[in-house]
Amino acid sequence: MFSKTKAGLQNNLIIYKFMKKTLLFLCSLFSMNNYAQGCVDRIVCSDDMATLYLLNGTTLTWGRNQSGQLGTGTTTLQSTPIVTINGSNWSDVNHATMHTVALHQNGTVWAWGNNSIGQLGNGTTTNSFVPVQVGSDTDWTVLSPGHFHSVALRTNGTLWGWGNTGAFELGGSPSPFYYVNPIQLSNSTDWSKIYGGYFKTFAIKNNGTLWGMGRNNFGDLGVGNNSSLLILSQIGTDTDWQKISAARAAYTLALKTNGTLWSWGRNDFGQLGLGNYNQVTIPYQVGTETNWNIIAPSATHVLAIKTDGTLWAWGRNNVGQLGQGDTTNRSIPTLITTNIGSLTI
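Now for a quick tour of the structure.

Conventions and cut-offs
Residues numbered from 1 in each chain as written. Predicted model: local features only at pLDDT ≥ 70, side-chain atom pairs only at ≥ 80, totals over all residues. Heavy atoms only, no water. Pairing = 2+ DSSP bridges. Helix = DSSP H or I, 4+ residues; strand = E, 2+ residues; numbered from the N terminus. Axes fitted to C-alpha atoms, helices over the stretch in contact; angles between N-to-C directions. Phe/Tyr/Trp six-rings, centres within 6.5 Å; stacked < 30°, edge-to-face > 60°. Buried < 20%, exposed > 50% of the residue type's maximum accessible area, 1.4 Å probe, protein only. Lys NZ or Arg CZ within 6 Å of the ring centre and 35° of its normal. Contact = heavy atoms within 4.5 Å. Polar contact = N/O pair within 3.5 Å; in protein donor to acceptor, adjacent residues only side chain to side chain.

**Considerations on the sheet that holds strand 14 (residues 200-205)**
Right, so step 1: Strand order in this open sheet of 4 strands is 13-14-15-16, and the pairing throughout is antiparallel. A strand with exactly one partner marks an edge of an open sheet, and here the two such strands are strand 13 (191-196) and strand 16 (229-234). For this sheet, the mean inter-axis angle between neighbouring strands, taken without regard to orientation, is 15°.
Right, so step 2: As judged from the 5 bridges shared by strand 13 and strand 14, these two strands associate in the antiparallel manner. Across the sheet, Tyr195 pairs through a bridge with Phe202, a residue of strand 14.

If you want it as C-alpha cells, here you go:
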C-alpha cells in the first residue's frame, strides 16, 4: 500500500530479484507494443496484486482477483498486465488486502473489490467488481489503504477513514465494528501525510509531529507500551518526521527529514535493523546513516534504498529474500547491490 506522495512503501511481495526481473520483462513487453525502455514510473504491490504506472499516465494491473479487486468486472485471476479500468484517469491507485482504492484526477475517490466490512466506503457491504464512488465529495487529495480499512485527506487538511475499526484503526468502537461511509477521524485541519497500516493508522501533521492509533500488541505504535489506542495520539515529541511505512506486520519504520531511519515494534527476525532481536516500544534509530531514501518492509524483512542508489536488506531470510546468497537472517542493514540507480518502487 504505497502512495506516491504519502506513506512510503509497505508491500510485502517486493523482493529485489523479483522486482528487477519483473520490470525488465514488462519493459520488454511494452516495447513490443510501441513502449520505449524507461517506460516505467513506479510499481505498487499488495500481497497478491500489482499496479504498474507508466510515464504516459497509464496504469496496468494484474494478480489475484477473488473479490473483484482488479476492477475488471469479473473474479478471474489476471496473470498478465492489463490496462486498469479508466487507466489514464487515476492520479493514484493503491491496493489493500482484497480491495483497491483509487484517486481520480477530478478529486473523487473510488474503490472496488471486497466490501464485507465497508472497505469500499459506498454505504453498503456488497462486493463490487467494478469501481464504485466513495461518497460524493470532489476534494480528496491523498489515499492510503490499510488491511481492511482506508484513510484519506481532503484539501482542507481533514483526515477521514472507512472500513474496519475492530482494532481501533479508525478509533472508537462502533457497533458493528466498521464504517461503511467515510467518517472524520479528528477535528484537526493540519494533517499532511497519512498511512493506513496493518490494523493501525499513522498520520503526520504540517508541523512534523507523528500520530497513531489502533492495535499495538508489540509496541508498533511507538508510544512506549503495548496498549491499543482508540484515538489519534502523538508519538514522542519530535517534529521532523517525513514518511511512515508499517507493511502488514506488527512493526513500523519511519524516515525523518534529515535522512535518518527509525524503527519500533516486533523484532523476532531482526526486522528492526537494530542489531538485536528485542521488541522495542519507542522509536530507535537504525544505524547512524543520514541518506535513507525509500523503505519497503514486508511481514518479516525490509528492503531499503539510500540516496546514493545502493540497495540494502535485513530481517528474515529463510528463502533468500535478503539477496545474500544464503538463508541467514540479518539484524542490521546489509548491502545487496550498489547499482540500483534511480529506480523508484
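**Side note on the sheet that holds strand 22 (residues 301-306)**
Right, so step 1: Across the sheet, 4 strands lie side by side as 21-22-23-24; this open sheet has antiparallel pairing. Every interior strand has two partners, whereas the edge strands, strand 21 (292-297) and strand 24 (330-337), have only one. Strand-to-strand twist in this sheet, taken as the mean axis angle between neighbours without regard to direction, amounts to 25°.
Right, so step 2: Pairing of strand 21 with strand 22, which is carried by 5 bridges, proceeds in the antiparallel orientation. Bridging across to strand 22, Ile295 finds its partner in Ala304.

**Points about the packing of aromatic side chains**
Right, so step 1: Applying the stated criterion across every chain yields a total of 11 aromatic pairs.
Right, so step 2: Considering the side-chain rings of Trp140 and Trp160, the 6.3 Å spacing of their centres and the 85° angle between planes classify their relative orientation as edge-to-face. Here Trp140 is found in strand 9 (residues 140-145), whereas its partner Trp160 is found in strand 11 (residues 159-164), with 20 residues between them in sequence. Residues Trp140 and Trp160 agree in their burial class; the two are buried.
Right, so step 3: Aromatic side chains Phe177 and Tyr178 sit 5.8 Å apart centroid to centroid with 90° between the ring planes, which places their arrangement in the edge-to-face category.
Right, so step 4: Overall, the relative accessible area of 44% leaves Phe177 in the partly exposed class.
Right, so step 5: Members of the aromatic cluster, connected to one another through ring pairs, are Trp140, Trp160 and Trp162.
Right, so step 6: When the ring centre of Trp292 is taken as origin, the NZ or CZ atom of Lys306, which lies over that ring, is 4.8 Å away.

**Quick notes on the pairing of strand 19 (residues 261-265)**
Right, so step 1: A large share of strand 19 lies buried, amounting to 5 of its 5 residues.
Right, so step 2: Pairing of strand 18 (residues 251-256) with strand 19 involves 5 bridges; the strand directions are antiparallel. Looking at the pairing, Leu255 lines up with Leu261 of strand 19.
Right, so step 3: Counting the residues that bridge the hairpin from strand 18 to strand 19 gives 4 residues, and of these Gly259 lies at a positive phi of roughly 85°.

**Describing the side chain of Arg154**
Right, so step 1: Note that Arg154 resides in strand 10 (residues 149-154).
Right, so step 2: In this structure, Arg154 is in contact with Asp137, Asp139, Trp140, Thr141 and Trp160, ignoring residues within four places of it in sequence.

**Observations regarding unusual backbone geometry**
Both trends apply: most residues other than glycine have a negative phi, and most peptide bonds are in trans.
Right, so step 1: A positive phi angle, close to 70°, is found at Phe168, a residue other than glycine.
Right, so step 2: Positive phi is not limited to glycine here, since Phe199 has a value of about 60°.
Right, so step 3: Residue position: Phe199 is located in the loop between strand 13 and strand 14.

**A few points about the side chain of Thr165**
Right, so step 1: Here Thr165 is to be found in the loop between strand 11 and strand 12 (178-184).
Right, so step 2: Separated by 3.0 Å, the side chain of Thr165 and the backbone nitrogen of Leu170 make a polar contact.
Right, so step 3: At 3.1 Å, the side chain of Thr165 and the backbone oxygen of Gly171 are in polar contact.
Right, so step 4: Setting aside its immediate chain neighbours within four residues, Thr165 contacts Leu170, Gly171, Gly172, Pro174, Phe177, Tyr178 and Tyr179.

**Some words on the environment of Tyr251**
Right, so step 1: Here Tyr251 lies in strand 18.
Right, so step 2: Of the residues examined, Tyr251 reaches a relative accessible area of 1% and is grouped as buried.
Right, so step 3: Each C-alpha atom, one on Tyr251 and one on Tyr198, is 9.3 Å from the other, the two residues being 53 residues apart in sequence.

**Looking at the pairing of strand 7 (residues 109-113)**
Right, so step 1: Counting buried residues along strand 7, 4 of its 5 residues qualify, which places the element largely inside the surrounding structure.
Right, so step 2: Across 5 bridges, strand 6 (residues 99-104) lies against strand 7 in antiparallel orientation. Paired with Leu103 across the bridge in strand 7 is Val109.
Right, so step 3: Taking the residues that link successive antiparallel strands as the turn, the strand 6-strand 7 hairpin has 4 residues, and the phi of Gly107 there is positive, at about 90°.

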